[in-house]
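Examining the three-dimensional arrangement
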Amino acid sequence: MQTRSSGNTQGIDVSRYQGNIDWAKVKASGMTFVFIKATEGQTYTDPNFQKNVSGALAAGMLVGTYHFFRATSTEGAKAESAHYASTLNKVGGAKALQLPPVMDYENNPGNLSKAQINTVAKAFLTELQRLTGVKPIIYTGNSFASNFEPSLGTYDLWVARYSSTRVPDDQPAWKRWTFWQYTDSGKVNGISGNVDMNEFEGSAAELRARYAAATPKPPEPSEPVKPTEPPKGGEPMTAEEKAAFDALKAQVDKLQARQQMEVPVWAKAAVDAALAYDTKNPLFSIDNGASYDFYRFITVMYRRGLFKK
């Protein structure tokens, strides 16, 4: 496979083992992207998953997630994909993130044959794409990659080989890597201790472009909801103000009805301002959470000054 290049963009992957992360420092250190552990097996969810996703997004990083694969049957594989997809919904779903979800398949505790390894891998990947609408990436080790048959080469490869001199080996399914995890003992500002270091096979702009179609950004607010300001808090509405308020509320209700999550750190100021704007005619309630698109929409409105009295 190809060597590393000085023009390639750099990133990391993290889990609960990295503890509390200062994402602003991570971004300032030159890291462009991050893959964050979401789940493992059929029931485990990384306790820092949602906090890490919110922090990385707020810092402006390109964010993806990964699932540590353990299944030994197609039924188990589908159950794991369902668990992963359900967990992704807590941060707005796979399409709310810039990088695709990842199947981390790196060992064989069930002593499966190569044929069985490929069968369960395909079951997981197919089901995950059906549930999320996004084609996944495969993460694996340099040696374990030899188990995958050529048909799985249609999935991008994130390969682990810890070496400063040897490139990953050519495999039946891949002759190039898309991401290379080249060390597990990296040092990055904002993280205490070691962290896995990764490289994408191109620039940051090329990374964004590669997955832009697969993981589209949430839409910007449409024209009907950004014209006139809503009525000032507590004052009677004119007919024009009521029309603007109703249009804004309809858009808010539509976005809020999607997959629900708690208020992310980066949206808290916007949500607080929107709720305080008019307590007699609140735009929304977040007692049960709301979607990633909803929080992004409210943040855009807040930055445009729509909730200033």
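Attention here is on the structure that accompanies the text. (Residues numbered from 1 in each chain as written. Predicted model: local features only at pLDDT ≥ 70, side-chain atom pairs only at ≥ 80, totals over all residues. Heavy atoms only, no water.)

**Digging into the pairing of strand 9 (residues 195-200)**
Sheet faces and side chains relate simply in a regular strand, where the side chains alternate between the two faces. When you tally the buried positions in strand 9, you get six out of six residues, the bulk of the element. Relative to strand 9, strand 1 (residues 10-14) runs antiparallel, the two being bridged by four bridges. Counterpart to Gly11 in the pairing with strand 9 is Asn198. Where strand 8 (residues 179-186) and strand 9 come together, five bridges link them in antiparallel fashion. Across the sheet, Phe179 pairs through a bridge with Phe200, a residue of strand 9. (Buried < 20%, exposed > 50% of the residue type's maximum accessible area, 1.4 Å probe, protein only. Helix = DSSP H or I, 4+ residues; strand = E, 2+ residues; numbered from the N terminus. Pairing = 2+ DSSP bridges.)

**What about the side chain of Glu199?**
Looking at the secondary structure, you find Glu199 in strand 9. Classification of Glu199 as buried rests on a relative accessible area of 1%. At 2.7 Å, the side chain of Glu199 and the side chain of Asn8 are in polar contact. (Polar contact = N/O pair within 3.5 Å; in protein donor to acceptor, adjacent residues only side chain to side chain.)

**A closer look at the packing of helix 3 (residues 74-88) against helix 4 (residues 114-132)**
Where helix 3 meets helix 4, the axes come as close as 8 Å, and the angle between the chain directions of the two elements is 35°. Helix 3 and helix 4 meet at a crossing whose hand is right-handed. Contacts between helix 3 and helix 4 involve Thr74, Ala77, Lys78, Glu80, Ser81, Ala82, Tyr84, Ala85 and Leu88 from the first element and Thr119, Val120, Ala123, Phe124, Glu127, Leu128, Leu131 and Thr132 from the second. Per-class residue counts for the contact of helix 3 with helix 4 are ten nonpolar, four polar and three charged. (Axes fitted to C-alpha atoms, helices over the stretch in contact; angles between N-to-C directions. Left-handed = near helix turned anticlockwise from the far one by under 90°. Contact = heavy atoms within 4.5 Å. Nonpolar A, V, L, I, M, F, W, Y, C, P; charged D, E, K, R; others polar.)

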